[in-house]
Amino acid sequence: MDMSKAKSIVVPGELARGCMDRMKMSEQFARLLNLSEEELESFFSGRLPITKELAFALKEATGLTASFWIGFERTYRHRLAKLEEAKASGKA
């Protein structure tokens, strides 16, 4: 995989952060998602995966469906694994 494709990998947490910023609700976001501030930062960076519970909390917070968030997470993790494979084989 070339690096131009790698740059197109979007972390689900970044989309959530964008929603939060647009709604001007940064202080409430962690509480709405039932996450600590540390967990929220881990989510934003892609280290904390979206669980079923988090997907439903994101639905309530953003208006995007839980299935959207689960699918986004699945796609993100798949692309990330492909990138890691490519790096390991020296193709990235």
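For the structure itself, consult the block above.
First, a word on scope: everything that follows refers to the structure included in this document. Keep in mind that this is a model prediction, so the values were computed, not measured. (Residues numbered from 1 in each chain as written. Predicted model: local features only at pLDDT ≥ 70, side-chain atom pairs only at ≥ 80, totals over all residues. Heavy atoms only, no water.)

1. Focus: the nonpolar core
Step number 1: Judged by nonpolar contacts, the single largest core of 18 residues is most densely connected at Phe29, Leu33, Leu40, Phe43, Ile50, Leu54 and Leu58.
Step number 2: For this core, the secondary-structure elements that each account for two or more residues are α2 (12-23), α3 (26-32), α4 (37-45), α5 (52-62) and α6 (66-88).
Step number 3: When residues of this core are assigned to their parent elements, the largest contribution, 5 residues, is made by α5.
Step number 4: Sequence-distant contacts of Leu40, that is, excluding residues within four places in its chain, are made with Phe29, Ala30, Leu33 and Leu35. (Core = buried A, V, L, I, M, F, W, Y, C linked by side-chain atoms within 4.5 Å. Buried < 20%, exposed > 50% of the residue type's maximum accessible area, 1.4 Å probe, protein only. Helix = DSSP H or I, 4+ residues; strand = E, 2+ residues; numbered from the N terminus. Contact = heavy atoms within 4.5 Å.)

2. Examining the pattern of salt bridges
Oppositely charged side chains may form a pair once their charged atoms are brought near each other.
Step number 1: By the definition in use, this model includes 4 salt bridges.
Step number 2: A salt bridge links Lys59 to Glu60; the shortest N-O distance between them is 3.5 Å.
Step number 3: The network of salt bridges with shared partners includes Glu14, Arg17 and Glu41. (Salt bridge = Lys/Arg side-chain N within 4 Å of Asp/Glu carboxyl O.)

3. So, the packing of α5 against α6
Step number 1: Interaxial distance between α5 and α6 falls to 8 Å at its minimum, and their mutual angle equals 125°. The angle between α5 and α6 places the two elements in the oblique class. The element α5 and its partner α6 pack so that their crossing is right-handed. Contacts from Lys52, Ala55, Phe56, Leu58, Lys59 and Thr62 in α5 reach Ala66, Trp69 and Ile70 in α6.
Step number 2: Here the residues of the contact of α5 with α6 are counted per class, giving 6 nonpolar, 1 polar and 2 charged. (Axes fitted to C-alpha atoms, helices over the stretch in contact; angles between N-to-C directions. Parallel < 35°, antiparallel > 145°, perpendicular 65-115°, else oblique. Left-handed = near helix turned anticlockwise from the far one by under 90°. Nonpolar A, V, L, I, M, F, W, Y, C, P; charged D, E, K, R; others polar.)

All we've got here are geometric facts, nothing functional implied.
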